[in-house]
Amino acid sequence: MKLNIEGLLVYFPYDYIYPEQYSYMLELKRTLDAKGHGVLEMPSGTGKTISLLSLIVAYQREYPLEVTKLIYCSRTVPEIEKVVEELRKLMEFYSKETGEKNNILALALSSRKNLCVHPEILHANIIVYSYHYLLDPKIADLVSKELSKKSVVVFDEAHNIDNVCIDSMSVNITRRTLDRSQANVETLQNTILKIKETDAAKLKEEYRRLVEGLKEANVARETDIYMSNPVLPDEILQEAVPGSIRTAEHFVGFMKRFLEYLKARLRIHHVVQESAPQFLKDIFEKVCIDRKPLRFCAERLRSLLRTLEIADIADFSAITLISNFATLVSTYSKGFTIIIEPFEDRTPTIANPVLHFSCMDPSIAIKPVFERFQSVIITSGTLSPLDIYPRILDFRPVTVASFTMTLARTCLCPLVVGRGNDQVAMTSKFETREDFAVIRNYGNLLLEMSAIVPDGIVAFFTSYTYMENIVASWYEQGILENVQRNKLIFIETPDAAETSMALEKYQEACENGRGAILLSVARGKVSEGIDFVHHFGRAVIMFGVPYVYTQSRILKARLEYLRDQFQIRENDFLTFDAMRHAAQCVGRAIRGKTDYGLMIFADKRYARADKRGKLPRWIQEHLTDGSLNLTIDETVQLSKHFLRQMAQPFRQEDQLGLSLLTLEQLQSEDMLQKIAQIAHQA
Amino acid sequence: MAALSEEVLLVVKRVRQRKQDGTLYLMAERIAWGPEGKDRFTVSHLYADIRCQKISPDGKAKIQLQLVLHTGESTNLHFSNESTALKDRDAAKDLLQQLLPKFKKRANKELEEKNRMLQEDPVLFQLYKDLVVCQVISAEEFWANRLSINNVDHSLSNNKQEVGISAAFLADIRPQTDGCNGLRYNLTSDIIESIFRTYPAVKQKYGENVPHNMTEKEFWTRFFQSHYFHRDRINTGLQDIFSECAKQDEKGLKSMVFQGVKNPMVDLLSLEDKSLDEGYGSNSTAPSTSNTNKTVKENSNSAIIKRFNHHSTMVLAAGSGKKASSLVVFTAEPCANLAVCLHRDAPNGQACETSSTDGNSRDSDFFQPPIKKVKIQDVIEYEDLHRENGKKTVALNLKKSDRWCGCSWTPYFGTSVMSSSTASCAIAALSPGGVLMQALAQQAINQMVPNDVQGELKHLYTAAGELLRHFWSCFPVNTLFLEEKVVKMRSNLERFQMTKLRPFQEKVQRQYLSTNLTGHLEDMFQMAYNKFHAWQTRRMMRKT
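Residues numbered from 1 in each chain as written. Chains lettered and ligands numbered in written order. Predicted model: local features only at pLDDT ≥ 70, side-chain atom pairs only at ≥ 80, totals over all residues. Heavy atoms only, no water.

Draft legend 1. Molecular detail of the interface of chain B and chain A. Across the contact, 80 residues belong to chain B and 95 residues belong to chain A. Taken over both partners, the interface formed by chain B and chain A buries close to 7,900 Å², and the fraction arising from carbon and sulfur atoms is 55%. Where A:E498 meets B:K306, a salt bridge forms, and the shortest distance between an N and an O atom there is 4.0 Å. Counting every contact that joins chain B to chain A gives 15 residue pairs in polar contact (both at pLDDT 80 or more). Those elements that place two or more of their residues in the side of chain B that touches chain A are helix 5 (169–173), helix 9 (243–259), helix 10 (296–320), helix 13 (348–358) and helix 14 (370–380) of chain B. The element best represented in the side of chain B that touches chain A is helix 10 of chain B, accounting for 15 residues. In terms of residue class, the side of chain B that touches chain A is built from 28 nonpolar, 26 polar and 26 charged. (Contact = heavy atoms within 4.5 Å. Buried area = accessible area lost by both parts, 1.4 Å probe. Salt bridge = Lys/Arg side-chain N within 4 Å of Asp/Glu carboxyl O. Polar contact = N/O pair within 3.5 Å; in protein donor to acceptor, adjacent residues only side chain to side chain. Helix = DSSP H or I, 4+ residues; strand = E, 2+ residues; numbered from the N terminus. Nonpolar A, V, L, I, M, F, W, Y, C, P; charged D, E, K, R; others polar.)

Next comes the structure, spelled out in structure tokens:
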């Protein structure tokens, strides 16, 4: 159908439209009009991607000078491929409707192996790729830095974007890294010697270039051709590479000294935590390394590798890592912390020292993106509470909205189970999680559900170790044997290949009518990337609240930073983080309006307002007071009722006019009024 | 005595039944017992009639074997030859164990099928009562014809549907304490079959060891003691014959994992566009999973998890008959795979690497395997956003509608179709009151005859129809069997006429003197007799 979104003609490749899609496009258009950033939450399965693509492509056609490019970032390879398919569909619709051959070039980068189609990137109208191509400075520099300022950037499935940002800026150094760096340095030294004998001019040329400084880069940035690189801070562009590391030999010597220093730092017996300035002070005192040459390390190494014409950069990943670390640690005095741990907490007897240089401020990595591109849209099915993302990513959105899922029948049924039939509270709280009664009650819940839910059930635990322990106890108590009478059991393991197979078998068992249970882990690969549509997931059980492991020093440092810099209290952040993962897990089962599923939150803490309030609006509004703090029996009764209702035939006519609109219905006055209420401005 | 022509498989002397000494015979199709000194059997059971056999527990003074029949009756046999009683009993038991299942299936299948047919079809049931229960024809004759009609679906059901395996079959064994520091496991042949199908390695071991190295009992005792049965026990002790099974399982599992998944949407290995190099990221030093720094407890926990996955996979494979594919892998895989398997013993991270690099064309979007494309399209499809095509009635859209309005159009059917006027004439003639319907009783029977008589008449009609069908199906009589049958059927017809039709006629005559309800039936019988007569005279002539 062809839609009129506030004066913009939008081709939408379907006969019908969901009201929330219309509303979503409306908000999106307003964001683009204002040339600002937006945060939009809309449940999965309501056609977010096609709405985004339809509107932005239409906008691009209408105002080719305002928006030149769409950069669509998603997280996983299947997600990217889905976007490409939807785009293809849209393009087919365009050429069918308009009759003209489509003149839009779209490009998808789905693997680093087939990188990089450099000139094409510049000309493509639509680029679909992974987050990292934009957020990871190491790759962004290669792929994305020349992208036009007038691009619209979309981060889909963005509920984890802060972690991606942090990951891309954090570095871990182990003894192995240092050993490999040592080897790298030796290779460099030998190569330099060889080149000196054969082609000394080359090195001289390099030296000359370095004296000139990084002027080119500076010019480029000033003339707005490049996106800035957070690893390559502004100041160093104005300066020449310091003399102490300008010649190749000197630089190699410098790196050797730096490596020796790091080695010495790893020789410790207790945990050390310090800030970047402290680290710089220490390195100056111990080995007289100044801050300035450190800042040029990354750039200097890149130049050297280029000069020496080293083809396989991958071999030098260790020394590159060290040089990146050097640059980062000397550039940012804030937002990072250094933690040196002599051993893993679990195995205090085995020395395995690691230097964590961890980023605590996700805004550092994403800042260039917000600064460079005129519109950045952050969207996902679970972004609640909406105000927290602008805070931790440090940007000012023009639109912040959450959309509900309009439903002709209530196809999701969130229930909070708080106690067992014996009235013992059900919770994964640290103090009681090993409690026999809690484990047994969890087991009974699974057993009861396995008897009444058809086809597939997915259960998530808060962590892998917790799952292992519970599975072992259930095995001893004979609970699993009884569950097996109803369904087959498959369990996620730390090995991705093994889990893939378990997943496939799980689906097979759901497919052939046997029914199965998948035990899985929140924050694991399954919870982040696999959908359980229709009969693959008729119920999701979330055992406990998936809090992150709080004893980790890195996390503690980050919490402190959030408190000091963004005035976000530790508990608020932890709860927010736990709830977004819980929402991700339970949301895996509902992938559309024709789908249905139970969402069982098995922890009494979910009933509290501070937890409940952080769930996405589209789940929250179906969580009534009657579905809080239930016993197992009550849960079973409610579930049976729900499943019986859902088993009734559901036809398109039932949806029409309510959660599915024709063009005529869409144009009616009171429908437009209703649609206005769908978007919930935060 | 019939036994003369039968093959006797086993003879056991000195078997007591009801305190009487005698001899037990196991024949090809039945088991029989005769008291000493007499040449007849007082006990004789077809194997098909036996539901199961039970034996007295070891250590009991009396060594007995009980046969339980489908009817619920049972026969106890007491083996009383002191020196060889146990051996005799076991010989009989073993032979029965082999024989019973063969007959069991056949008998059950047939009985079930017959029962089902009778239950589903009340007319057939009535017919059965009329013909078989009243002994007009024998049950075999009745079914001989019936079942052959259903031959088509019978052959389908013959191709017997694989029965799946309960995932909880191991739980069903449920050990019981016997009170004196021991455990008793109840093992049925079904459970054994389940074990064999799910764990082919155990079957293999069974084949290797029983009965040359150990008895069946010993084998299962060891099985239950082994770590293999107790999933949380870590593999210890090399003397355990099942340690090899566990290894084989593990190998099988690994090669299955190595083969990877067919559905690209669940392939976690290619899920991420891995962009973070080693050393970057906030938690890239995830807790190592190598075995060295794991506690025993943790090891046993992950063993349980692995076993559960394996168990479910095997149960699923056994159920879907795809056992072969997963099995072949570890029996016939060349060493190439083995190298990888060994490699996979290394920490997990590396294992992932090796198999992700092997994915031959995951790289490119343009060479996506078709299955992947279909899956993706499946996923992005919003079926409710499309207009439903199935239910929409297509509006008739005629291009040049004036063509269809003219009345000059006459359809042409060729010569095989009669004209419409002839057809309506025929219908009129065949309707009640029409020319051709005059000969039949004009009175509306349903008004004159009470319901019960009507019902009885209906039954007579179906029964007679069935008999006549049997009769007429014999023609042309070209085999000896058909000859016999046609003679038999004629006498059956006569018998039916005498025992069923006559009494009914008399009854009707007593009540309704004027009406001849059975005239048509009689005609049909007469027609059959005439035919039979004609056939017989012709045969006689040919013979002479």
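Draft legend 2. Spatial organisation of the state of the cysteines. Applying the stated criterion to the full structure yields zero disulfides over all chains. Cysteine A:C411 is unpaired, with the sulfur of A:C413 as its nearest cysteine sulfur at 11 Å. (Disulfide = S-S within 2.5 Å.)

Draft legend 3. Representation of the sheet that holds strand 14 (residues 412–417) of chain A within the structure. Residues and elements named next belong to chain A. Taken in spatial order, the six strands line up as 14-19-18-15-17-16 in an open sheet, and their pairing is parallel. In the strand order of this sheet, the two ends are held by strand 14 and strand 16 (488–491), each with one partner. Strand-to-strand, the axes of this sheet are offset by a mean angle of 15°, without reference to chain direction. Pairing of strand 18 (residues 539–543) with strand 19 (residues 597–602) involves five bridges; the strand directions are parallel. Counterpart to M542 in the pairing with strand 19 is F601. In this fold helix 28 (residues 632–646) packs onto strand 14 and strand 19, with an angle of close to 175° to the strand it touches most, strand 14. (Pairing = 2+ DSSP bridges. Axes fitted to C-alpha atoms, helices over the stretch in contact; angles between N-to-C directions.)

Draft legend 4. A look at unusual backbone geometry. Here the amide bond leading from A:S384 into A:P385 is cis, since omega sits at -10°, within 30 degrees of zero. Among the secondary structure elements, A:P385 is positioned in the loop between strand 12 (375–380) and helix 18 (388–393). Between B:F475 and B:P476 the backbone carries a cis peptide bond, its omega angle lying at -5°. Mapping B:P476 onto the fold places it in the loop between helix 18 (451–472) and helix 19 (480–511). Not every positive phi belongs to a glycine, and A:Q567 is a case in point at roughly 55°.

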